[in-house]
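Survey of secondary and tertiary structure
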Number of protein chains: 2
Amino acid sequence: MRVILPAGTTETGLIDGISAAGAAPELMEHTPSADAEIIAYGAPTMAPVTPVSPNGCPTPAAVTRAVREVVGFDVSVVDAGLAQPTGAPTVDLGVDPGADIREAAAVPDAAAIFDRAHAFGASLPDDEIAIGETVPGGTTTALGLLTALGEPGTVSSSLPRNPLERKRAVVDDALAASDLAAGDCDGRPLAAIRAVGDPVQATVAGIAAGALESGIDVTLGGGTQMVAVAAALRHYGVSEPLSIATTSFVADEQGDQLGEICYRLNCELTVTDPGFEEREHVSMERYCAGEAKEGVAMGGALSLVPDGEMGAVLDRFEAVCDRLGIDAGGEDGDDGNEGSDGDDTSDSNGGGGRP
Amino acid sequence: MRVILPAGTTETGLIDGISAAGAAPELMEHTPSADAEIIAYGAPTMAPVTPVSPNGCPTPAAVTRAVREVVGFDVSVVDAGLAQPTGAPTVDLGVDPGADIREAAAVPDAAAIFDRAHAFGASLPDDEIAIGETVPGGTTTALGLLTALGEPGTVSSSLPRNPLERKRAVVDDALAASDLAAGDCDGRPLAAIRAVGDPVQATVAGIAAGALESGIDVTLGGGTQMVAVAAALRHYGVSEPLSIATTSFVADEQGDQLGEICYRLNCELTVTDPGFEEREHVSMERYCAGEAKEGVAMGGALSLVPDGEMGAVLDRFEAVCDRLGIDAGGEDGDDGNEGSDGDDTSDSNGGGGRP
């Protein structure tokens, strides 16, 4: 099994009020680069930041890395629009960062990105792959994509209180800036991504379509962002079986809606509960409180854990947190920003692991 | 253990008479990109060629991959001047392909490459790394580097008859073009690489120096090209312990000279014999006949094989060859070019596995 991780950035992630509060924009731009390093090396190497929320919740990359250290899957990070350097090896598909979706074109070369990603996906010799993502602001662009396609789905949040109305307002502005109404891109997913999506969507969709065409089994490892990509694939005419593997944290937040849209999109849904409530560790408590929830292929990675091995994953997650300078009791060692699934304000946070 | 693989190209590799005969230059430029894919995925993915010599000897990448499939080490490929795209993930250090060493400057920004590679090497969280290389024409630029430094070493060849005089003539021209005599760069290894080396040397040396400074154990996985890099490191003032791990094929060709220069450079030398003579497989026969010998971290990878596991590596090597379309009896399936350690003509070849 290989996990493919397209990693990118957008100007959308920098929009005031939907970006991760507590982190300056110039730090948040480093999140996907740091996530890639955590997956590749076990800790940030050249990135100047460890992505940790203001409440001390570490990036889902730490969970994915913990699973990798137990299960041992291969990883290929794809540069899907990184804005900052990374010490991790990345596949270069010539993808630039995305613009603000409230501009006329969020991803001007969405179709070309899809084509190059398609060729990459089709070239892989693997029998099965899981594709994840890390892109700050990604649930807002996911809402943009779903809305432009006319799909009824909603999107998740990396914080307990989902600022969905704020996201909807941004998406409304974005559609208006592209002279589109909801549903206008029905059947034209690359036009939807070009107008109101992000380059990571074009990359994930292209890799998935190419891999499926080559007979590779594809799991989309993620939550509502992957629902949006799955919708794009169905609108593109991809009819092969598709799976989505996410975490219980997303499933708990989304309730019946998640299963309904997966059913509508003819996607098999796998939900994995890592059992974080069994441990008294601040990072796991944050996830149980609804922070982060998913991202950086976390759900896809968790779905690979064999029966009886989850305890070993939790042990390893504690070790990774320790390596990242996150104390089990709630002190973390870095003024980092929150996980890549996080395009929300944190002004609604209760509690707080940091002084 | 992590294997770091700087992969690059130079115009030197295209010099008539020292480049791999039987492969058009535009194909040889793909060799490092294909090698990276073989290491990452087990077979070429987006590269249009499988690097195989005209005699049917597969690139050493196939051996390194076989070891990886048995031993399971991590790999980080570094783009050290790739001229063609690769589907493998690569670390981007902003390195351009090298010029012809007979121009005034072979690697104009050698010092900057070294600095960036140093930062990358210093950032790694590993306890120990092995560093390999893949760069066509690499033994000629190694001879250039050794000569400019005033080191007495000679260089290996990927073919049974080493066209050393031809390489010396190229290096003489190269030194003249840079207004240098042999030994003029004593103590100035980056000036030597700039004048008559290649960008892979600057990258390997920088990563090694940075890693050693961070307390990481460093093995240079390769033959005479790594001797040249070790010499550069000693001339730079690096005094930490350094190991070179190469194959018995290089050691057999070089005789006492190899041990002598390693002793002179205060480098521990590990030679691993994979026991290819035990199998009747054309690829292994080619190696036993003196083809390829080393490259793409082959010696470094072989040094990681635990006692009793070499038989499993040979089995896996046969499987990798099969995957690459190389028949055990001597038919290969691709008009590829030879391994990355090969900057020789093949007009001296006897035998021939292809019609």
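Data block above holds the structure.
My aim in this report is to walk through the structure given alongside it, one point at a time. For clarity, every value in this text was computed on a predicted model and none was experimentally measured.

Let's talk about the overall build of chain A
If you tally the helices and strands in chain A, you get 14 helices and seven strands. In terms of overall dimensions, chain A has C-alpha extents of about 50 × 40 × 40 Å along its principal axes. Looking at the 355 residues of chain A, the share that counts as buried comes to 65%. Summarising the internal contacts of chain A: among those between residues at least 6 apart in sequence, 80% fall at separations of at least 24. As presented, chain A carries roughly 11,500 Å² of accessible surface, and 43% of it is formed by carbon and sulfur atoms.

A short note on the relation of the copies chain A and chain B
Under the fitted operation, chain A is carried onto chain B by 0.0 Å of movement along the axis and a turn of 180°, and the coordinates agree to an RMSD of 0.0 Å. As the rotation angle and translation indicate, the two copies are arranged about a two-fold axis.

Some words on the interface of chain A and chain B
Contact with chain A, which involves 20 residues of that partner, is made by 19 residues of chain B. Of the roughly 1,600 Å² buried between chain A and chain B, counting both surfaces, carbon and sulfur atoms make up 59%. Of all residues in chain A, the largest losses of buried area upon contact with chain B belong to Tyr41, Met46 and Pro89 of chain A, amounting jointly to 32% of the total for that side. Across the contact surface, chain A and chain B share two salt bridges. A salt bridge links Arg68 of chain B to Asp74 of chain A, with the shortest nitrogen-to-oxygen separation between them at 3.6 Å. Scanning the region where chain A abuts chain B turns up five residue pairs in polar contact (both at pLDDT 80 or more). Those elements giving two or more residues to the side of chain A that touches chain B turn out to be helix 2 (31-41), strand 2 (74-79), strand 3 (90-92) and helix 4 (110-123) of chain A. If you tally residues by element for the side of chain A that touches chain B, the top one is helix 4 of chain A, at four residues. Looking at the side of chain A that touches chain B, its residues break down into 11 nonpolar, five polar and four charged.

Section: the packing of helix 3 (residues 61-71) of chain B against helix 14 (residues 310-323) of chain B
Each packed pair of helices is defined by two parameters, the angle between the axes and the distance between the axes. Residues and elements named next belong to chain B. Between helix 3 and helix 14, the shortest axis-to-axis distance is 8 Å and the interhelical angle comes to 125°. Regarding the angle of helix 3 to helix 14, the classification is oblique. Classified by chirality, the crossing of helix 14 by helix 3 is right-handed. Residue-level inspection shows Ala62, Val63, Arg65, Ala66, Val67, Glu69 and Val70 of helix 3 in contact with helix 14, the latter providing Ala312, Val313, Arg316, Phe317, Val320 and Arg323.

Thoughts on the side chain of Thr272 of chain A
Inspection of the secondary structure assignment puts Thr272 of chain A in strand 7 (residues 267-272). Assessed through its relative accessible area of 13%, Thr272 of chain A is described here as buried.

Comments concerning helix 7 (residues 189-196) of chain B
Along an α-helix, residues three or four positions apart point the same way, because every turn accommodates 3.6 residues. Residue and element names in this part refer to chain B. Burial within helix 7 is extensive, with six of its eight residues counted as buried. Turning to helix 7, its buried residues number three or more, namely Pro189, Leu190, Ala192, Ile193, Ala195 and Val196. Among the structural elements, helix 4 (110-123), helix 5 (138-149), helix 6 (164-177), helix 8 (199-213) and helix 9 (224-236) are those in contact with the buried residues of helix 7.

Points about a negative patch on the surface
Residues and elements named next belong to chain A. On the surface, Asp252, Asp273, Glu277 and Glu278 cluster together to form a negatively charged patch. Relative to the helices and strands, Glu278 is located in the loop between strand 7 and helix 12 (282-288). Residue classification places Glu278 among the exposed positions, given a relative accessible area of 62%.

Some thoughts on the pairing of strand 2 of chain A
Residues and elements named next belong to chain A. Among the six residues that make up strand 2, five are buried, leaving the element largely enclosed by the rest of the structure. Summarising the sheet, strand 1 (residues 2-7) and strand 2 pair through six bridges and their orientation is parallel. In the sheet register, Leu5 faces strand 2, and the bridge partner there is Val77. Examined bridge by bridge, strand 2 and strand 3 share three bridges and lie parallel to one another.

Observations regarding helix 11 (residues 256-264) of chain A
Residue and element names in this part refer to chain A. Listing the buried residues of helix 11 in full gives Leu258, Ile261 and Cys262. Across the axial projection of helix 11, the buried residues extend over an arc of 105°, all falling on one side. With respect to the buried face of helix 11, the exposed residues turned more than 90 degrees away are Asp256, Glu260 and Tyr263. At its buried positions, helix 11 is contacted by helix 5 (138-149), helix 9 (224-236), strand 6 (242-247), helix 10 (248-254) and strand 7. Downstream of helix 11 by one or two residues, Asn266 has phi in the positive range, about 55°.

A word on the pairing of strand 6 of chain A
Residue and element names in this part refer to chain A. When you tally the buried positions in strand 6, you get six out of six residues, the bulk of the element. Burial along strand 6 is two-sided: the residues Leu242, Ile244 and Thr246 and Ser243, Ala245 and Thr247 are all buried. In the sheet, strand 5 (residues 217-221) pairs with strand 6 via three bridges, with the strands oriented parallel. Looking at the pairing, Leu220 lines up with Ile244 of strand 6. Of the strand pairs in this sheet, strand 6 and strand 7 are connected by six bridges, and their pairing is parallel. Bridging across to strand 7, Leu242 finds its partner in Cys267.

A short note on the pattern of salt bridges
Residues and elements named next belong to chain A. Tallied over the entire structure, the rule returns 22 salt bridges over all chains. The salt bridge involving Arg168 is made with Glu165; its shortest N-O contact spans 3.9 Å. Placement of the pair is Arg168 and Glu165 together in helix 6 (residues 164-177), with a separation of three residues, close to one helical turn. Residue Arg168 is classed as partly exposed on the basis of its relative accessible area, which comes to 34%. Judged by its relative accessible area of 59%, Glu165 falls in the exposed class. Taking the shortest distance from any N to any O, the salt bridge between Arg279 and Glu318 comes out at 3.3 Å. Of this pair, Arg279 sits in the loop between strand 7 and helix 12 while Glu318 is found in helix 14 (residues 310-323), placing the two residues 39 residues apart along the sequence. One continuous salt-bridge network, built from bridges that share partners, spans Arg65, Glu69, Arg316 and Arg323.

Re the packing of aromatic side chains
Residue and element names in this part refer to chain A. Applying the stated rule across the entire model yields 14 aromatic pairs over all chains. Between Phe114 and Tyr236, the aromatic rings sit 4.7 Å apart at their centres with planes inclined by 50°, giving tilted as the arrangement. Of this pair, Phe114 sits in helix 4 while Tyr236 is found in helix 9, placing the two residues 122 residues apart along the sequence. For Phe114, a relative accessible area of 2% gives the class buried. For Tyr236, a relative accessible area of 41% corresponds to the partly exposed category. Clustering of aromatic rings is evident, with ring pairs tying together Phe249, Phe276, Tyr287 and Phe317.

Brief notes about the environment of Pro160 of chain A
Residues and elements named next belong to chain A. Secondary-structure assignment places Pro160 in the loop between helix 5 and helix 6. By relative accessible area, Pro160 is classed as partly exposed at 49%. Placed 130 residues apart in sequence, Pro160 and Gly290 show a C-alpha to C-alpha distance of 4.7 Å.

Scoring rules and cut-offs
- Residues numbered from 1 in each chain as written.
- Chains lettered and ligands numbered in written order.
- Predicted model: local features only at pLDDT ≥ 70, side-chain atom pairs only at ≥ 80, totals over all residues.
- Heavy atoms only, no water.
- Helix = DSSP H or I, 4+ residues; strand = E, 2+ residues; numbered from the N terminus.
- Buried < 20%, exposed > 50% of the residue type's maximum accessible area, 1.4 Å probe, protein only.
- Contact = heavy atoms within 4.5 Å.
- Areas by Shrake-Rupley, 256 points an atom, 1.4 Å probe, with all protein chains shown as cover.
- Least-squares fit on C-alpha atoms with pLDDT ≥ 70 in both.
- Buried area = accessible area lost by both parts, 1.4 Å probe.
- Salt bridge = Lys/Arg side-chain N within 4 Å of Asp/Glu carboxyl O.
- Polar contact = N/O pair within 3.5 Å; in protein donor to acceptor, adjacent residues only side chain to side chain.
- Nonpolar A, V, L, I, M, F, W, Y, C, P; charged D, E, K, R; others polar.
- Axes fitted to C-alpha atoms, helices over the stretch in contact; angles between N-to-C directions.
- Parallel < 35°, antiparallel > 145°, perpendicular 65-115°, else oblique.
- Left-handed = near helix turned anticlockwise from the far one by under 90°.
- Patch = residues over 30% accessible without salt bridge, like charges linked within 9 Å, V, L, I, M, F, W, Y side chains within 5 Å.
- Lys, Arg positive; Asp, Glu negative; His and termini not counted.
- Charge placed at Lys NZ, Arg CZ, Asp CG, Glu CD.
- Pairing = 2+ DSSP bridges.
- Arc of directions from axis to C-beta.
- Phe/Tyr/Trp six-rings, centres within 6.5 Å; stacked < 30°, edge-to-face > 60°.

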